[in-house]
Amino acid sequence: GHLFENRYKSILCEEENYLLSLVRYIHLNPVRANIVKTLEGLDAYSWSGHRAMIGRVKYPWMDVHTVLSRFGGSIKSGITKYRQFIVDGMEEGQNLALTGGGLLRSQGGWSQVLALRRRGEQVSYDERILGGGEFVDQILKETEDRQLRQIRHKRTGKTIHIIMAEECRSLKISPGELQGGGKRQKVTDLRARIARRSRDELGLSAAEIARHLGVSTSSIIRAIEREIQRKNQPTQ
């Protein structure tokens, strides 16, 4: 929404088909709004992630590498190609494929949606997801499966307190040390495991988990990300 109107907007994006176009579209918002006129003006504009993409500033919460790596080569050559990619899109106006909701967004505008309807085709869509019908189907199935698992866990009486007790016993760490904000690596790893299980098995938010573990919400978010990365690392 507009500034201060509501919570920030977040969508799940089908990476290969939409990621770069979406990044460019967002970073060209100041150009479409006539706030800046040139690439150099956009390079100097403070209120955009574009400056981080070209290395002018660093934002710890912004994953620049994932985007630049799509252009291949070194970071320096990636920035050069990214800037040209931005230039190529500077004349682009509003793109309904990137701003509309649900089916409208996924299919690229009303003309494509109407064509599908005339042919009698049914395509899965969700306003929270930017992607094709197969991608939307896959995500919704994964979400449904995860929610069913969470319901089963809750029906057994499992709570975050039970998960905390199980994990503390497994690593022989006292609950007091766990909730005392300690920085010991073993304790940090334990929090990450509890946070990941509490999210996956119970569907708890990062804020809820943080209240039980005695740390900040941002710490829980980072801990879950580290745990996911650790789980996804290939075994030797």
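Scroll up for the structure.
None of the values given here were measured: they were computed from a predicted structure. (Residues numbered from 1 in each chain as written. Predicted model: local features only at pLDDT ≥ 70, side-chain atom pairs only at ≥ 80, totals over all residues. Heavy atoms only, no water.)

Trainee: Got a minute to help me understand the overall build of the chain in this structure?
Mentor: The number of helices and strands found in the chain is 15 helices and two strands. At a minimum sequence separation of 6, the contacts of the chain that also span at least 24 residues come to 52%. When the accessible surface of the chain is summed, it comes to about 15,200 Å², and 52% of that surface belongs to carbon and sulfur atoms. (Helix = DSSP H or I, 4+ residues; strand = E, 2+ residues; numbered from the N terminus. Contact = heavy atoms within 4.5 Å. Areas by Shrake-Rupley, 256 points an atom, 1.4 Å probe, with all protein chains shown as cover.)

Trainee: Would you mind showing me how to read helix H6 (residues 75–88) here?
Mentor: The α-helix winds at 3.6 residues per turn, so residues separated by three or four positions along the chain end up facing the same way. An ideal rise of 1.5 Å per residue puts 20 Å on 14 residues; H6 measures up with 20 Å between its terminal C-alpha atoms. Restricting attention to buried positions, one finds in H6 the residues Gly 78, Ile 79, Tyr 82, Phe 85 and Ile 86. In a view along the axis of H6, the buried residues occupy a sector of 120°, so they form one face of it. Turned more than 90 degrees away from the buried face of H6 sit Lys 76, Thr 80 and Asp 88, all of them exposed. (Expected span 1.5 Å × (residues − 1). Buried < 20%, exposed > 50% of the residue type's maximum accessible area, 1.4 Å probe, protein only. Arc of directions from axis to C-beta.)

Trainee: Help me understand the packing of aromatic side chains, please; the structure alone is not making it clear to me.
Mentor: Working definition: an aromatic ring pair is given by the centre-to-centre distance plus the angle between the planes. Using the criterion set out here, one finds three aromatic pairs in the structure. When the ring of Phe 71 is compared with that of Tyr 82, the centres are 6.3 Å apart and the planes differ by 80°; the resulting orientation is edge-to-face. Taken together, the residues span a long stretch of sequence, with Phe 71 in the loop between helix H5 (64–68) and H6 and Tyr 82 in helix H6 at a distance of 11 residues. Here Tyr 82 falls in the buried class, since its relative accessible area comes to 1%. Aromatic side chains Phe 71 and Phe 85 sit 5.6 Å apart centroid to centroid with 65° between the ring planes, which places their arrangement in the edge-to-face category. You can see Phe 71 sitting in the loop between H5 and H6 and its partner Phe 85 sitting in helix H6, a full 14 residues away along the chain. When its relative accessible area of 14% is taken as the criterion, Phe 71 is described as buried. The class of Phe 85 is buried, set by a relative accessible area of 17%. In textbook terms, an aromatic cluster arises when at least three aromatic residues are bridged by ring pairs, as seen for Phe 71, Tyr 82 and Phe 85. Directly above the aromatic system of Phe 85 lies the positively charged group of Arg 24, at a separation of 3.9 Å from the ring centroid. For the cation-ring pair, Arg 32 lies above Tyr 25, with the distance from its terminal atom to the ring centre recorded as 3.6 Å. (Phe/Tyr/Trp six-rings, centres within 6.5 Å; stacked < 30°, edge-to-face > 60°. Lys NZ or Arg CZ within 6 Å of the ring centre and 35° of its normal.)

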